[in-house]
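One letter stands for each residue in the lines below.
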Amino acid sequence: MTTRREPTARQMRLAVELRRLREAADLSARKAAALLGVSNVQISQIESGVTGVSEERLRRLASHYACTDGEFIDALVAMATDRTRGWWEEYRGLLPTSFLDLSELDHHATYRREVSVLYVPGLLQTETYARALYTARMPKLTADEIELRVRHRMGRQRINVPHEMVVHEAALRIRVGDRASAQAQLVRLVELSEADHITLRVVPFDLDGFARAGSSMSYVGAAVPKLDTVIRDAPHGALRIDSEPELSAFRALFHTVEAMSLEPDRSRDFIHRLAKEL
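The rules behind each value
- Residues numbered from 1 in each chain as written.
- Predicted model: local features only at pLDDT ≥ 70, side-chain atom pairs only at ≥ 80, totals over all residues.
- Heavy atoms only, no water.
- Helix = DSSP H or I, 4+ residues; strand = E, 2+ residues; numbered from the N terminus.
- Buried < 20%, exposed > 50% of the residue type's maximum accessible area, 1.4 Å probe, protein only.
- Areas by Shrake-Rupley, 256 points an atom, 1.4 Å probe, with all protein chains shown as cover.
- Core = buried A, V, L, I, M, F, W, Y, C linked by side-chain atoms within 4.5 Å.
- Contact = heavy atoms within 4.5 Å.
- Axes fitted to C-alpha atoms, helices over the stretch in contact; angles between N-to-C directions.
- Parallel < 35°, antiparallel > 145°, perpendicular 65-115°, else oblique.
- Left-handed = near helix turned anticlockwise from the far one by under 90°.
- Nonpolar A, V, L, I, M, F, W, Y, C, P; charged D, E, K, R; others polar.
- Arc of directions from axis to C-beta.
- Phe/Tyr/Trp six-rings, centres within 6.5 Å; stacked < 30°, edge-to-face > 60°.
- Lys NZ or Arg CZ within 6 Å of the ring centre and 35° of its normal.

Asks: Requested: an account of the overall build of the chain, with residues and values cited.
Replies: In terms of regular secondary structure, the chain is built from 12 helices and six strands. The principal-axis extents of the C-alpha atoms in the chain amount to approximately 70 × 40 × 30 Å. Counting the 278 residues in the chain, one finds 48% classified as buried. Put simply, the chain shows about 14,400 Å² of open surface, and 51% of that area lies on carbon and sulfur atoms.

The structure is reproduced here in structure tokens:
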């Protein structure tokens, strides 16, 4: 296997899961290497995402680690053998790697769930809204950097897996741009809420006791629940969460927030009314 200079987030997730399996089996890297008939260095490189692993070796490792979850192993094999070069590759070297990793995550998602408190979810933003957001970013971006980010965000909107979103009224009322662009964004939300793959709910200001979401989050479903990913906003960029206990907690959190929000039809009427008020 060739050495990778910069593993993608998906390749790193595979590496992390293989290390977790080894540790759960209470095997040292040295012992795992001996069982597989390779050097310690190769195990280290596989578990750091620096090199890949073949299907045959992955299945042998899973057997040595006494992993009997067939669906999980098949999902890991799919990750290990994936050679996808998606549309986002055109941005490699032009945008930070985190943008490409997010697109790759979108591409392999089986569903998405999102809670957005301050801004309209990125996958529902109009081009004008997205441009206003990036223009306001500090430190300031150049015009070329803004356009690259806007174009990439619009590209991400091509995914059509089931997408459940809960948006707080604050995100609907904050004017990222001017009045006209704010109204256009609300109208766009009403249109998108009627798409078969989108379920949009609103949390109004007058809801009592809404302190459960805290900040925005995206929950991205994978082929098996163990490989799901949560993305949360952090001071220095997006924070990825993928441990099973935390994934379980965020699944519960989303369902709690969802249960507190307006039904989709009432949410659509709510957004339509806000758009008419502008």
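On we go from here.
Asks: Break down unusual backbone geometry for me, citing the residues and quoting the values.
Replies: Cis geometry marks the peptide bond from Met138 to Pro139; its omega dihedral reads -5 degrees. Tracing the backbone shows Pro139 in the loop between α7 (127-135) and α8 (143-156). In the Ramachandran plot, Asp26 falls in the positive-phi region, its phi being about 60 degrees despite a non-glycine side chain. Following the sequence through the fold, Asp26 ends up in the loop between α1 (9-24) and α2 (29-36). Given a relative accessible area of 70%, Asp26 falls into the exposed group.

Asks: Explain the nonpolar core to me, and be specific about the residues and the numbers.
Replies: Core analysis: the biggest nonpolar cluster contains 26 residues, and Leu14, Leu58, Leu76 and Leu227 have the highest contact counts within it. Listed by contribution, the elements that provide at least two residues to this core are α1, α2, α3 (40-47), α4 (55-64) and α5 (70-81). Among the elements that line this core, the one with the most residues is α5, at seven residues. Once residues lying within four places of it in the same chain are set aside, the contact partners of Leu14 are Val53, Leu58, Leu76, Met79 and Ala80. Counting residues in hydrophobic clusters, the runner-up holds 20 residues, among them Leu262, Phe270, Ile271 and Leu274.

Asks: Explain the environment of Arg201 to me, and be specific about the residues and the numbers.
Replies: Mapped onto the elements of the fold, Arg201 is located in strand β3 (residues 198-203). Arg201 sits 163 residues away from Val38 along the chain, and the two C-alpha atoms are 52 Å apart. Residue contacts for Arg201: discarding those within four places in its chain leaves Met165, Val166, Val167, Glu258, Ser261, Leu262, Glu263, Pro264 and Ser267.

Asks: I'd like a rundown of the packing of helix α10 (residues 179-192) against helix α12 (residues 264-277), residues and numbers included.
Replies: Closest axis-to-axis distance for the α10/α12 pair is 9 Å, and the angle between their directions is 160 degrees. What the angle tells us is that α10 and α12 run roughly antiparallel. With respect to the hand of their crossing, α10 and α12 are arranged in left-handed fashion. Residue-level inspection shows Gln183, Leu186, Val187, Leu189 and Val190 of α10 in contact with α12, the latter providing Arg268, Ile271, His272, Leu274 and Ala275. Taken together, the residues of the contact of α10 with α12 sort by class into seven nonpolar, two polar and one charged.

Asks: Hey, could you go over α3 for me, with residue numbers and the actual values?
Replies: An α-helix turns once per 3.6 residues; consequently, residues spaced three or four apart project the same way. When α3 is considered as a whole, its buried residues turn out to be Ile43, Ile46 and Glu47. Within α3, the buried residues cover an arc of 90 degrees as seen down the axis, which keeps them to one side. If you follow the buried residues of α3, they end up packed against α1, α2 and α4. Taken from the residues just after α3, Gly49 is the one with a positive phi, measuring 75 degrees.

Asks: So what about the packing of aromatic side chains? Which residues, and what values?
Replies: In this structure the tally under the stated criterion is three aromatic pairs. With 6.1 Å between their ring centres and 80 degrees between their planes, Trp87 and Trp88 make a pair best called edge-to-face. Owing to a relative accessible area of 2%, Trp88 belongs among the buried residues under this scheme. Arranged with centres 6.3 Å apart and planes meeting at 10 degrees, the rings of Tyr111 and Tyr219 form a pair that is stacked. Taken together, the residues Tyr111 in strand β1 (residues 111-116) and Tyr219 in strand β4 (residues 217-221) connect sequence positions 108 residues apart. Put simply, the rings of Trp87, Trp88 and Tyr91 pair up and form one aromatic cluster. The ring of Phe72 carries the charged tip of Lys226 above its face, separated from the ring centre by 4.7 Å.

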